[in-house]
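Read off the chains here:
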Amino acid sequence: MIRRVSSTALGSLRSFKSCQFHGESLDSSVSPVLIPGVHVFHCPDVVGIVAKLSDCIAAKGGSIRGYDVFVPENNNVFYSRSEFVFDPVKWPRSQMAQDFQTIAQKFSALSSVVRVPSLDPKYKIALLLSKQDHCLVEMLHKWQDGKLPVDIACVISNHERAPNTHIMRFLQRHGISYHYLPTTDQNQIEEEILELVKDTDFLVLARYMQLLSGNFLKGYGKDVINIHHGLLPSFKGRHPAKQAFDAGVKLIGATTHFVTEELDSGPIIEQMVERVSHRDNLRSFVQKSEDLEKKCLMKAMKSYCELRVLPYGTHKTVVF
């Protein structure tokens, strides 16, 4: 549960389990001199963390525009995310990294990450998919419109696509390589994928209907994000949407989560639901399900790129 307080309550901020100071979004325009940054922090909970982080920003002439804190009950752990603006002349990017690192060492932080969107490189990602295109098409269009703050290194699929299709023409026009890796030897395929994605920051499974082994996940060593339907009660096997439609379900959903060795059981980043009814035919039912998947995946990726997602224990996440 997140409680919200006004900025005048900064001095007593640590008495709340969590809070937020409302300010301008990172996307909003600010002074021509000041540019926005964001910092996330995860460490054991002790008194004085908020004061130290706030003093660090203020001492360099920066100004906090938004602050979120979460301290779970009966768990000695602290999470925070701050949005701030600063003058890069007075506070050089390299010095900023050192200053936050000093605080991280002081509090034995498990994670301390700072990003300055206008100065730092965009996250470099690779997209994996199988036959269904709807999530890929959505991401490519959002990326083209500048609404997805990433660089797409390549698209990898276990299905071949004709060169004259909309997707292939789009990828060629924008210089994004497409790699068709047919499903034969699983170990060989995973080795090829690892070689293709070795320089990426994270992977997105945009309806990739193949399992990634524990060896692959360990070899990659970075986050992998997956999207899947949420049709309840659970429908396994082929054509789950048709199974759910035939069963007359009234609520459909989608889940975006981190990939772990346990199938579809990684920490959840985002979930969305929508009602369906007897008025839906199979086509509208499937369309609603695919629309939810696209929205859910995009929301999760945006949250991830904005440093809103932090691990909470083994199976959960904190999403500010």
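Since the model is a prediction, treat every value here as computed from it, not as a measurement. (Residues numbered from 1 in each chain as written. Predicted model: local features only at pLDDT ≥ 70, side-chain atom pairs only at ≥ 80, totals over all residues. Heavy atoms only, no water.)

(A) The arrangement of the packing of aromatic side chains in detail. Enumeration according to the criterion identifies 16 aromatic pairs in this entry. Their ring planes at 45° and their centres at 5.9 Å tell us that Phe 84 and Phe 86 sit as a pair that is tilted. The class of Phe 84 is buried, set by a relative accessible area of 1%. Ring centres of Tyr 123 and Tyr 304 lie 6.2 Å apart, and the angle between their planes is 55°; this geometry places the pair in the tilted category. Here Tyr 123, found in strand E6 (residues 123–129), pairs with Tyr 304, found in helix H8 (residues 282–305); they are 181 residues apart in sequence, far enough to count as distant. Overall, the relative accessible area of 14% leaves Tyr 123 in the buried class. Through pairs of rings, three or more aromatic residues link up here, namely Phe 84, Phe 86, Trp 91 and Phe 100. Lying across the ring of Tyr 123, Arg 115 places its NZ or CZ 4.2 Å from the centre. (Phe/Tyr/Trp six-rings, centres within 6.5 Å; stacked < 30°, edge-to-face > 60°. Buried < 20%, exposed > 50% of the residue type's maximum accessible area, 1.4 Å probe, protein only. Helix = DSSP H or I, 4+ residues; strand = E, 2+ residues; numbered from the N terminus. Lys NZ or Arg CZ within 6 Å of the ring centre and 35° of its normal.)

(B) Quick look at the nonpolar core. Core analysis: the biggest nonpolar cluster contains 54 residues, and Met 139, Val 150, Leu 171, Phe 202 and Leu 297 have the highest contact counts within it. Structurally, this core is a two-domain feature, drawing no fewer than three residues from each of domain 1 (35–115) and domain 2 (123–319). Not counting residues within four places of it along the chain, the set of residues in contact with Leu 171 comprises Leu 140, Val 155, Ile 176 and Tyr 178. Formed by 22 residues, the second largest nonpolar core is a distinct cluster that contains Ile 49, Tyr 67, Val 71 and Ala 104. (Core = buried A, V, L, I, M, F, W, Y, C linked by side-chain atoms within 4.5 Å. Domains from an automatic or database assignment. Contact = heavy atoms within 4.5 Å.)

(C) Representation of helix H2 (residues 93–106) in the model. Taking 1.5 Å of rise per residue, the 14 residues of H2 would be expected to cover 20 Å, and the 20 Å separating its terminal C-alpha atoms lies within 8% of that figure. Of all the residues in H2, the buried ones are Met 96, Asp 99, Phe 100, Ile 103 and Ala 104. Burial along H2 is one-sided: seen end-on, the buried residues are contained in an arc of 140°. Looking at H2, the residues exposed on the side facing more than 90 degrees away from the buried face are Thr 102 and Gln 105. Where H2 is buried, its residues touch strand E2 (35–43), helix H1 (49–59), strand E4 (78–86) and strand E5 (111–115). Looking one or two residues past H2, Ser 108 carries a phi angle of roughly 55°, positive in sign. (Expected span 1.5 Å × (residues − 1). Arc of directions from axis to C-beta.)

(D) Structural view of the packing of H1 against H2. At their nearest, the axes of H1 and H2 sit 11 Å apart, and the two run at 165° to each other. In terms of orientation, H1 and H2 fall into the roughly antiparallel class. Viewed along their axes, H1 and H2 form a crossing whose handedness is right-handed. Across the interface between the two elements, Lys 52, Leu 53, Cys 56 and Ile 57 from H1 touch Asp 99, Phe 100, Ile 103 and Lys 106 from H2. (Axes fitted to C-alpha atoms, helices over the stretch in contact; angles between N-to-C directions. Parallel < 35°, antiparallel > 145°, perpendicular 65-115°, else oblique. Left-handed = near helix turned anticlockwise from the far one by under 90°.)

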